[in-house]
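# Secondary and tertiary structure notes
Read off the chains here:
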Amino acid sequence: MGGSAQVKDPATGDAVYIVQPKAGQYCAFSSACTHSGCAVDAPKNGQLYCPCHGSRFDAATGAVVNGPATKPLPRYSVTKDGEKLNLGPLQS
């Protein structure tokens, strides 16, 4: 997995992680755990970990790897403009 960066959602100010699962591919996920809203840690070893209750999410898809969370992390669109990445709106 490539790198990651933490940015803010311009609409809410909430933390968002932009990740690069493979070269040239970018995605972004809310840092709020879908279990109880705790902030998940930065991506590590391909996963985002919630320190409150142990939920883990796949850093490439946002899918739940380990509960108690049952819903994936909310995903944002990401577009690339030259060397710049732009965070798009939250996807439903």
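So, here's what we can say about the structure. Note that the structure is predicted; figures quoted are calculated from it, not measured. (Residues numbered from 1 in each chain as written. Predicted model: local features only at pLDDT ≥ 70, side-chain atom pairs only at ≥ 80, totals over all residues. Heavy atoms only, no water.)

## Quick notes on the sheet that holds strand S8 (residues 84-90)
Sheet strands pair by backbone hydrogen bonding; their relative direction is either parallel or antiparallel. Going by this rule: DSSP bridges decide pairing: two strands pair if at least two such bridges lie between them. Strands are runs of DSSP state E lasting at least two residues, helices are runs of H or I lasting at least four, and both sets are numbered from the N terminus onward. Note on geometry: axes are C-alpha line fits, over the in-contact stretch for helices, and angles between N-to-C directions span 0 to 180 degrees.
The strand order S1-S2-S3-S7-S8 describes an open sheet built from 5 strands, whose pairing is antiparallel. Single-partner strands in this sheet number two, and they are strand S1 (4-8) and S8. When the angles between neighbouring strand axes are averaged without regard to direction, this sheet yields 30°. Bridge count for strand S7 (residues 75-81) against S8 is 5 bridges, and the pairing is antiparallel. Within the sheet, the bridge partner assigned to Thr 79 lies in S8 and is Asn 86.

## Regarding the state of the cysteines
What is meant by a disulfide is a covalent connection between two cysteines, made through their sulfur atoms. Just so we agree on the cut-off: Throughout, a disulfide means two cysteine sulfur atoms within 2.5 Å of one another. Classification of residues uses two cut-offs on accessible area relative to the type maximum, computed with a 1.4 Å probe and protein chains only: under 20% is buried, over 50% is exposed, and between them is partly exposed.
Counting across every chain of the model gives 1 disulfide. Put simply, Cys 38 and Cys 52 are joined by a disulfide, and their sulfur atoms are 2.2 Å apart. Judged by the sign of its S-S torsion, about -105°, the bond between Cys 38 and Cys 52 is left-handed. A residue pair is termed long-range when its members are at least 10 positions apart, and Cys 38 in the loop between strand S3 (25-30) and strand S4 (47-49) and Cys 52 in the loop between S4 and strand S5 (56-58) qualify at 14 residues. The buried category is assigned to Cys 38, whose relative accessible area is 17%. Cys 27 takes part in no disulfide bond, and the closest cysteine sulfur, belonging to Cys 33, lies 17 Å away. Taking the relative accessible area as the measure of exposure, Cys 27 reaches 1% and is therefore buried. There is no disulfide at Cys 50, and the cysteine sulfur nearest it, in Cys 33, is 3.9 Å away.

## Describing the sheet that holds S4
Spatially, S4-S5-S6 is the arrangement adopted by the 3 strands of the open sheet, whose pairing is antiparallel. Only two strands of the sheet have a single partner each, and these edge strands are S4 and strand S6 (64-66). If you compare each strand with its neighbour and ignore which way they point, the axes differ by 35° on average. Here S4 pairs with S5 via 3 bridges, running antiparallel.

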